[in-house]
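Residue-level structure breakdown
Residues per chain, in single letters:
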Amino acid sequence: MLLHTDTAPPLQPAANPYQPYMARIVRIQKMLDDTRVFTLRFLDESMVRSFRHRPGQFVMLSIPGTGEAPISISSSPTRPEILELCVRRAGRMTSSLFRLSTNDVVGVRGPYGNGFPVDDIRGNHLLLAAGGLGMAPLRSLLWYALDNRHLFDGVILMYGSRSPADMLFRDEMLSLAGRDDVNCMLTVDADPSGAWTGRIGHLPSLFDHVTLEPARTYAAVCGPPVVYRYVLERLLAAGFSKDRILMSLERRMKCGIGKCGHCSVGYKYTCLQGPIFTYWDAINLPEMI
Amino acid sequence: MKILKLPKDKLDYFASVVQQFGEVHAPVEQDGKYVFKRLTRWSEARLAYDRTILPPKKYFLPPKEPLLVYRPGEGYVAPAGDVQHRLVLFGVHACDVYALNILDLVFAGKYPDPYYQARRKNIAIIGIDCVPDGKCFCRSMRADFVDHGFDLFFCDIGGHYLTFVGSALGDDMVLATETLFETVSPADIDEYKRRSGAKHEAFQLDVEIRDLPEIFEMEYGSAIWDDLGAQCLSCGSCSAVCPTCYCFDMNDEAVLGSRAGTRSRNWDSCLFSTHALVAGGENFRESRSSRIKFRFYHKQRGFVAEYGRPSCVGCGRCITACPVDIDIVEVLAALRETRHAATH
Amino acid sequence: MSKPRAGIFGLTGCAGDQLVILNCEDELLDLVSLLDMRDFLMAASDNDTACDLDIALVEGAVFSRRDKERLERIRQRSAMLVAIGSCAVWGGVSAAERNGGLAGLLDETYGTQGRDYDATEAYALHQVVKVDLKITGCPIEKHEFVAAVASLLNGDPPVYPQYPVCTECKMRESNCLLIEKSIPCCGPLTVAGCGARCPALRIPCIGCRGPAADANAESARQMLAAKGVPEHDIRQRLRTFAPTGGSA
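Everything quoted here is computed from the prediction, not taken from an experiment.

1. Observations regarding the overall build of chain C
In terms of helices and strands, chain C carries eleven helices and five strands. Scaling as 2.2 N^0.38, a compact globule of 248 residues should have a C-alpha radius of gyration of about 18 Å, and chain C matches this with 19 Å. With the C-alpha coordinates of chain C rotated into their principal frame, the extents come out at 55 × 50 × 25 Å. By residue count, 51% of the 248 residues in chain C fall in the buried class. Restricting the contact set of chain C to residue pairs at least 6 apart, pairs at least 24 apart contribute 75%. Counting only carbon and sulfur atoms, one obtains 53% of the accessible surface of chain C, whose full area is about 11300 Å². Averaging the coordinates of the 26 positive side-chain charges in chain C and doing the same for the 32 negative ones gives two points 3 Å apart.

2. Remarks on empty space enclosed by the protein
Residue and element names in this part refer to chain B. The full count for this structure, using the stated rule, is eleven cavities of 30 Å³ or more. When its volume is computed, the largest cavity comes out at roughly 180 Å³. Every residue lining the largest cavity is counted, 19 residues in all, and those nearest its centre are Cys238, Leu271, Ile292, Cys322 and Ile326. By residue number, the principal contributor to the lining of the largest cavity is helix H10 (residues 288-307), which donates three residues. Residues of the lining of the largest cavity, tallied by class, amount to 14 nonpolar, three polar and two charged.

3. Details of the confidence of the model for chain C
Scored by pLDDT, chain C comes out at a mean of 90, with 96% of its residues at no less than 70. Interface confidence for the predicted complex, expressed as ipTM, amounts to 0.94; the pTM equals 0.93.

4. Overview of the pattern of salt bridges
Residues and elements named next belong to chain B. The tally for this structure, following the rule as stated, stands at 52 salt bridges over all chains. A salt bridge links arginine 265 to aspartate 113, with the shortest nitrogen-to-oxygen separation between them at 2.9 Å. Taken together, the residues span a long stretch of sequence, with arginine 265 in strand E11 (residues 261-267) and aspartate 113 in the loop between helix H3 (94-107) and helix H4 (114-122) at a distance of 152 residues. The shortest N-O distance in the salt bridge between arginine 336 and aspartate 211 comes to 3.1 Å. You can see arginine 336 sitting in helix H12 (residues 328-336) and its partner aspartate 211 sitting in the loop between helix H6 (186-202) and helix H7 (212-218), a full 125 residues away along the chain. A single network of salt bridges, built from pairs that share partners, joins Lys8, Asp156, Glu191, Arg194 and Arg195.

5. Details of the nonpolar core
Ranked by internal contacts, the top residues of the largest apolar core, which has 112 residues, are Met158 and Met173 of chain A. Sorting elements by how many residues they give to this core places helix H4 (residues 135-147) of chain A first, with nine residues. Dropping the residues within four chain positions of it, methionine 158 of chain A is found in contact with Leu127, Leu128, Ala129, Ala130, Met185, Leu203, Leu206, Phe207 and Val210 of chain A. Listed in part, the 67 residues of the second largest apolar core include Cys255 of chain A together with Tyr34, Cys95 and Phe153 of chain B.

6. Brief notes about the environment of threonine 338 of chain B
Inspection of the secondary structure assignment puts threonine 338 of chain B in the segment after H12. Residues threonine 338 of chain B and phenylalanine 107 of chain B, 231 residues apart in the sequence, show an inter-C-alpha distance of 38 Å.

7. Quick word on the interface of chain B and chain A
At the junction of the two partners, chain B supplies 46 residues and chain A supplies 40 residues. Our count for the chain B to chain A interface comes out at two salt bridges. Across the pair lysine 254 of chain A and aspartate 249 of chain B runs a salt bridge, and its minimum N-O distance is 3.3 Å. Of all the elements in the fold, those that place two or more residues in the side of chain B that touches chain A are strand E4 (64-71), strand E5 (75-77), H3, H4, strand E10 (248-254), E11 and H10 of chain B. Per-element accounting of the side of chain B that touches chain A gives the leading share, eight residues, to H10 of chain B.

8. Brief notes about the interface of chain C and chain B
The figure often quoted for interface size is the accessible area lost as the parts come together. In this complex, chain C contributes 35 residues to the contact, which on the side of chain B involves 41 residues. When the two sides are added together, the surface that chain C and chain B hide from each other amounts to roughly 2900 Å², 57% of it contributed by carbon and sulfur. Ranking the residues of chain C by area buried against chain B places Lys170, Met171 and Glu173 of chain C at the top, with a combined share of 24%. Inspection of the region where chain C meets chain B yields five salt bridges. Note that arginine 291 of chain B and aspartate 214 of chain C form a salt bridge whose closest N and O atoms lie 2.3 Å from each other. At the junction of chain C with chain B, the criterion picks out 15 residue pairs in polar contact (both at pLDDT 80 or more). Elements with a minimum of two residues in the side of chain C that touches chain B: helix H2 (25-34), helix H6 (142-153), helix H7 (165-171), helix H8 (177-181) and helix H10 (217-226) of chain C. The element contributing the most residues to the side of chain C that touches chain B is H6 of chain C, with five residues. For the side of chain C that touches chain B, the residue count by class is 19 nonpolar, seven polar and nine charged.

9. What about the packing of aromatic side chains?
All names here are of chain B. A complete count under the given rule lists 28 aromatic pairs over all chains for this structure. A centroid spacing of 6.1 Å and a plane angle of 50° characterise the contact between phenylalanine 90 and phenylalanine 154, whose relative ring orientation is tilted. Of the two residues, phenylalanine 90 sits in strand E6 (residues 87-92) while phenylalanine 154 sits in strand E8 (residues 152-156), which places them 64 residues apart along the sequence. An identical accessibility class is assigned to phenylalanine 90 and phenylalanine 154; each is buried.

10. Observations regarding the sheet that holds strand E7 (residues 125-131) of chain A
Strands pair in a sheet through their backbones, by hydrogen bonds, and they do so in one of two ways: parallel or antiparallel. All names here are of chain A. Spatially, the seven strands line up as an open sheet ordered E10-E9-E8-E7-E11-E12-E15, and their pairing is mixed. A strand with exactly one partner marks an edge of an open sheet, and here the two such strands are strand E10 (199-200) and strand E15 (276-278). Bridge count for strand E12 (residues 245-248) against E15 is three bridges, and the pairing is antiparallel. When the sheet's bridge partners are listed, leucine 246 is paired in E15 with threonine 278. Sheet strands touched by H4: E7, strand E8 (155-161), strand E11 (217-222) and E12. Its angle to E7, the strand with the most contacts, is close to 155°.

11. Here we look at the pairing of E12 of chain A
Residue and element names in this part refer to chain A. Burial along E12 is two-sided: the face carrying Ile245 and Met247 and the face carrying Leu246 and Ser248 are both buried. With three bridges connecting them, E11 and E12 associate as parallel partners. Paired with alanine 219 across the two strands is isoleucine 245, which belongs to E12. Following the backbone out of E11, through helix H6 (residues 225-237) and into the adjacent parallel E12, one traces a crossover that is right-handed.

12. So, the sheet that holds strand E3 (residues 58-63) of chain A
Residues and elements named next belong to chain A. The six strands lie next to each other as E4-E3-E6-E1-E2-E5, forming an open sheet whose pairing is antiparallel. Strands at the two margins of the open sheet, each flanked by one partner only, are strand E4 (67-72) and strand E5 (83-88). For this sheet, the mean inter-axis angle between neighbouring strands, taken without regard to orientation, is 40°. The pairing of strand E1 (residues 21-32) with strand E2 (residues 35-42) spans eight bridges and is classified as antiparallel. Residue pairing across strands places leucine 32 opposite threonine 35, the latter belonging to E2.

13. Some points on the layout of surface pockets
All names here are of chain B. Roughly 590 Å³ of volume is contained in the second largest pocket. Together, 28 residues line the second largest pocket, and Asp129, Cys130, Val131, Cys155 and Asp156 are the ones closest to its centre. At the level of secondary structure, the elements contributing two or more residues to the lining of the second largest pocket comprise E8, strand E9 (160-165) and H6. By residue number, the principal contributor to the lining of the second largest pocket is H6, which donates six residues. Taken together, the residues that form the lining of the second largest pocket break down as 19 nonpolar, two polar and seven charged.

14. Things to note about the side chain of serine 248 of chain A
All names here are of chain A. By the secondary structure assignment, serine 248 is in strand E12. Exposure remark for serine 248: the relative accessible area of 10% places this residue in the buried category. Excluding residues within four positions of it along the chain, serine 248 makes contact with Pro137, Val221, Cys222, Tyr228, Pro275 and Ile276.

Scoring rules and cut-offs
- Residues numbered from 1 in each chain as written.
- Chains lettered and ligands numbered in written order.
- Predicted model: local features only at pLDDT ≥ 70, side-chain atom pairs only at ≥ 80, totals over all residues.
- Heavy atoms only, no water.
- Helix = DSSP H or I, 4+ residues; strand = E, 2+ residues; numbered from the N terminus.
- Rg over C-alpha atoms; globule rule 2.2 N^0.38 Å.
- Buried < 20%, exposed > 50% of the residue type's maximum accessible area, 1.4 Å probe, protein only.
- Contact = heavy atoms within 4.5 Å.
- Areas by Shrake-Rupley, 256 points an atom, 1.4 Å probe, with all protein chains shown as cover.
- Lys, Arg positive; Asp, Glu negative; His and termini not counted.
- Charge placed at Lys NZ, Arg CZ, Asp CG, Glu CD.
- 1 Å grid on protein atoms, 1.4 Å probe; cavity = no way out; pocket = protein on both sides within 12 Å on 5 of 7 lines; lining within 4 Å.
- Points joined across faces, edges and corners; volume = space filled by probe spheres on them.
- Nonpolar A, V, L, I, M, F, W, Y, C, P; charged D, E, K, R; others polar.
- pLDDT = per-residue confidence, 0-100.
- Salt bridge = Lys/Arg side-chain N within 4 Å of Asp/Glu carboxyl O.
- Core = buried A, V, L, I, M, F, W, Y, C linked by side-chain atoms within 4.5 Å.
- Buried area = accessible area lost by both parts, 1.4 Å probe.
- Polar contact = N/O pair within 3.5 Å; in protein donor to acceptor, adjacent residues only side chain to side chain.
- Phe/Tyr/Trp six-rings, centres within 6.5 Å; stacked < 30°, edge-to-face > 60°.
- Pairing = 2+ DSSP bridges.
- Axes fitted to C-alpha atoms, helices over the stretch in contact; angles between N-to-C directions.
- Right-handed = clockwise from strand over helix to strand, strands pointing away.

Encoded structure:
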């Protein structure tokens, strides 16, 4: 395991930033009926070694003959050599991806976006609050923090899903519950199976069970709009400054490199200045959330 | 800057010399309008033109451009393409040169766009000054003069063109004519100043861009946007003809019976209903009014924050191209209007 | 992978879309080798009219009880049904708005004997059965058809522009007939894909491809009225090819 105490070294931008590098699908894990984790490894060994990302960054994934789309990286830079992409089947591109098998080849370029400001978070508590598929981009930060545990003060994970069956990376999440270096709080909205022994309730209700130190904590939030609404409410009520609340946002992207204009929100490009924005950025940009 | 002058009656000869620097394209007439086009002979060129239907943008960011070709086993590679093709654009107005300088900002940065950059390097620009008409407001947008981004720039001073030499390539063009260009006299400079002043007076439109970003912030919820949304046809004409609109879409086209294919970029517009639509169906700018507001906001406020100036050069093309007469100058004036009685 | 079994069918229409397919000279050999063409009456005589199909391409509008029965049968046979051409996608000219309705039309065309004719109101395919994909155009564009087959063979739906003809008209730098000549042109309302062929020939767009996504018909109506185009003409122009309007 490679420990990263610094931000990723600058990648020498390729001569043609639109040109993807080919990567092989080495593993496909089914998470939910419509959600899978695709593990990729570059064909070119020098790319395997040189590709470094920051938690919260994304790649542009190409499926030959189909197209290209932005996908956030779910694996941590502390576990290099492979890339894990947690994908929900939602449209033309992801449907095409779901028809691929292990050993099929796809194109990858990146990493793009700002990623989480891990240097700023260092020395502070880290609160991760994810709802549903929001775990996909946060998982990278989660493992980055756990693998560099000494860099952070307390680490709290709040993860809510609709039901135990809807929980992404469930075994991994449950295994965290046994660790004493992370306060892992899992909750489900409902448990039709009746087998869930953990908490039942919406994600924001987890705030009733923790004492937070807002002035020494960064909160990383990701989830559907309803999660943002209520989690942000709880964070503000707890006294968080708006620039200590970090959010990962999704926008339409075609190029990923600040040219095509699609991910523009007011005067920022989600692909360059995002996808991680502070809540202060968010409320100052039109149409942001 | 090296400044010379060219006798007007030697322009034909100069144009013939310039051919050795690339295929010459210039404005030609097309059914009462003008378009930049490859010249078959110099006499087709119309240097006294108002504005071309499309700006020179079409040469640097073509409407549809193949970016990559995919072949199984080979991956994605750039097609041979024509980015190295040498052209000379003859007769580009200052606003359009300015617009290219703005596009330069977008297509440079952390990830320089190699296709745009190659074209910018291989397409020479010979600018020419112009007389504003009723749709021009480049002066308001500080784009009525340019000091870079061209190879040569001609300004009419009566019997001569005052010639600004903007690059080494421009200098090569001058040198290739040997003795054609003459040195500038103090009287020429005075004539330039007189004409510059007269041009200033000729503008019929005026837009105040100071504190426009602030006004955009304050009028973000204005009913003006709803009215414009009801009026706008979302036809995309304004974006297509805009010299600084650069939004593009990228699409893959597969070869029949194969995953091999071509990835192209095509002009897109923030006025289209699909522009901010993400997989899964969420659309961040679903209403037409939110889209037309975005277009104005991005140009007059967003771009200022990002690059320090509006991404509008006042060329007037969007005014001439809108089927329902949406007029940016009127919109900006309306935003500036005070509609409420003073409360104190 | 075995070749997809395909059928190409025509309901009420001019067969122009099937002709476009047969005119894909450069691609026809590839198409025939990539698809297992089982049922294509216009091009073959030994058709299997009963087998299950992976893909059915259907042109024309539903304009009779027989059309409706045929379409329902095609739908039952086929895993995927593609409407090809403006008649199939929008109802087309068959469904164009006219005074007197169906009875009036039959009287006008055939006299009193027309009442016995097997004719119904005209419908676009999606008004009768589930349609999986629409390729519009009058006729369809060759390149859009070939791109659709190429995409579908890879399992992907094709991607077509949803914006209006105006953008393509500007891309090829044609003069604007609406603005420069006040000629009623349906470019701002009509979905692109044709390369704005007509305005490039100084012929106004008559909307043969049907409406663009989010077409603003009300503003266009006001604009045309302001140019002096009579209300009736505007209405007829907007409804000629796409009487089913934005409902599709």
